[in-house]
Amino acid sequence: MTNAIFQDMLHTIYATFGRGVPTQDIRDVLYGRVGEIPDEVCAYIVERVCDLERLPQNMSREFRNAWADWRAKNPARIFRPDCPACRNTGVRHVWGQDEQGEWRHCVVPCPACQDGNDGVPVVSLRALERGGALVMPVNYPGGPVAFDRDNALGRLWPVGLDTASPRAQLRVGVDMRPDQRRVARLPEQEREEHAAAMR
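A short tour of the structure in this document, coming up. (Residues numbered from 1 in each chain as written. Predicted model: local features only at pLDDT ≥ 70, side-chain atom pairs only at ≥ 80, totals over all residues. Heavy atoms only, no water.)

1. A few points about the overall build of the protein
Move 1: Broken down by element type, the protein carries eight helices and three strands.
Move 2: The linear arrangement of helices and strands in the protein, starting from the amino end, is α-α-α-α-β-β-α-β-α-α-α.
Move 3: A buried classification covers 26% of the 199 residues belonging to the protein.
Move 4: Partitioning the intrachain contacts of the protein with sequence separation of at least 6 by distance along the chain shows that 50% fall at a separation of at least 24.
Move 5: With the model as given, the accessible surface of the protein reaches about 14,200 Å², and the carbon-plus-sulfur share is 51%. (Helix = DSSP H or I, 4+ residues; strand = E, 2+ residues; numbered from the N terminus. Buried < 20%, exposed > 50% of the residue type's maximum accessible area, 1.4 Å probe, protein only. Contact = heavy atoms within 4.5 Å. Areas by Shrake-Rupley, 256 points an atom, 1.4 Å probe, with all protein chains shown as cover.)

See below:
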């Protein structure tokens, strides 16, 4: 929600209960805790809080509880529309070089479906590519690890790892046989019982 809508909500709620609005410092803290709530939920929250018997002690918790109830009542309204640009993941995988020339991997919000309201700025993929970054195509076979391997970037897949020949020995699972070093330290009676059980 925007700060202006939040301020209007507080004025309405506190006026309903005949109380003065808290100081700016308290309002800033409250807004920091509930600012991610969408604007369309605000009227529902105000109505719900104003219908209470008394002013809540923990206003941010009351706002978040009301938002959770609104989401439960309106599940169809919280889903994002289908985004073919990121296949509904909300992010894109990007590799860029740092000052030492080493490749770094990161994910950035999808510019097609993310709006940056969560505080993370949305950057154009074309601007990243112009800056020398590599942006993985959405439908790349094998995903980010395969893209990293195929371009020899070395962040998610070690560069030069030979996968053409099978490994000499591959151990899978846990060896359940008792360790003889541990058995040697058992008291004599337990050692004899162990030896009898192993026969």
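Once you've had a look at it, read on.
2. What to know about the sheet that holds strand E2 (residues 103–109)
Move 1: Taken together, three strands build an open sheet; the order of strands is E2-E1-E3 and the sheet is antiparallel. Two strands lie at the open edges of the sheet, namely E2 and strand E3 (134–135), each paired on one side alone.
Move 2: Bridge count between strand E1 (residues 91–97) and E2: seven bridges; the pairing is antiparallel. Bridge pairing in E2 places His93 opposite Val107. (Pairing = 2+ DSSP bridges.)

3. Brief notes about the side chain of Asp148
Move 1: With respect to the helices and strands, Asp148 occurs in helix H6 (residues 143–150).
Move 2: In this structure Asp148 is buried but unpaired, with Arg155 as the nearest side chain of opposite charge at 6.3 Å.
Move 3: At 3.1 Å, the side chain of Asp148 and the backbone nitrogen of Leu156 are in polar contact.
Move 4: Here Asp148 is in contact with Trp95, Leu153, Gly154, Arg155, Leu156 and Trp157, once residues within four sequence places are set aside. (Lys, Arg positive; Asp, Glu negative; His and termini not counted. Salt bridge = Lys/Arg side-chain N within 4 Å of Asp/Glu carboxyl O. Polar contact = N/O pair within 3.5 Å; in protein donor to acceptor, adjacent residues only side chain to side chain.)

4. Brief notes about the pattern of salt bridges
Close approach of charged atoms allows side chains with opposite charge to pair.
Move 1: Applying the stated rule across the entire model yields six salt bridges.
Move 2: Its salt-bridge partner being Glu62, residue Arg48 comes within 3.9 Å of it at the nearest N-O pair. Taken together, the residues Arg48 in helix H3 (residues 42–50) and Glu62 in helix H4 (residues 59–73) connect sequence positions 14 residues apart.
Move 3: When its relative accessible area of 16% is taken as the criterion, Glu62 is described as buried.
Move 4: Ionic pairing is found between Glu102 and Arg155, a salt bridge with its closest N-O pair at 3.7 Å. Taken together, the positions of Glu102 in the loop between E1 and E2 and Arg155 in the loop between H6 and helix H7 (180–184) put the pair 53 residues apart, joining distant regions of the chain.

5. Digging into the packing of helix H2 (residues 24–34) against H4
Move 1: Interhelical geometry of H2 versus H4 gives an angle of 25° and a closest axis separation of 9 Å. When the interaxial angle is binned, H2 and H4 end up roughly parallel. By crossing handedness, the relation of H2 to H4 is classed as right-handed. Two secondary-structure elements touch here, H2 through Leu30, Arg33 and Val34 and H4 through Met59, Ser60, Phe63 and Arg64.
Move 2: For the contact of H2 with H4, a count of residues per class yields four nonpolar, one polar and two charged. (Axes fitted to C-alpha atoms, helices over the stretch in contact; angles between N-to-C directions. Parallel < 35°, antiparallel > 145°, perpendicular 65-115°, else oblique. Left-handed = near helix turned anticlockwise from the far one by under 90°. Nonpolar A, V, L, I, M, F, W, Y, C, P; charged D, E, K, R; others polar.)

6. Regarding unusual backbone geometry
Move 1: Unusually for a residue other than glycine, Ala152 sits at a positive phi of about 50°.
Move 2: Mapping Ala152 onto the fold places it in the loop between H6 and H7.

7. Quick look at the pairing of E1
Move 1: Of the strand pairs in this sheet, E1 and E3 are connected by two bridges, and their pairing is antiparallel. Counted as the bridge partner of Trp95 is Leu134 from E3.

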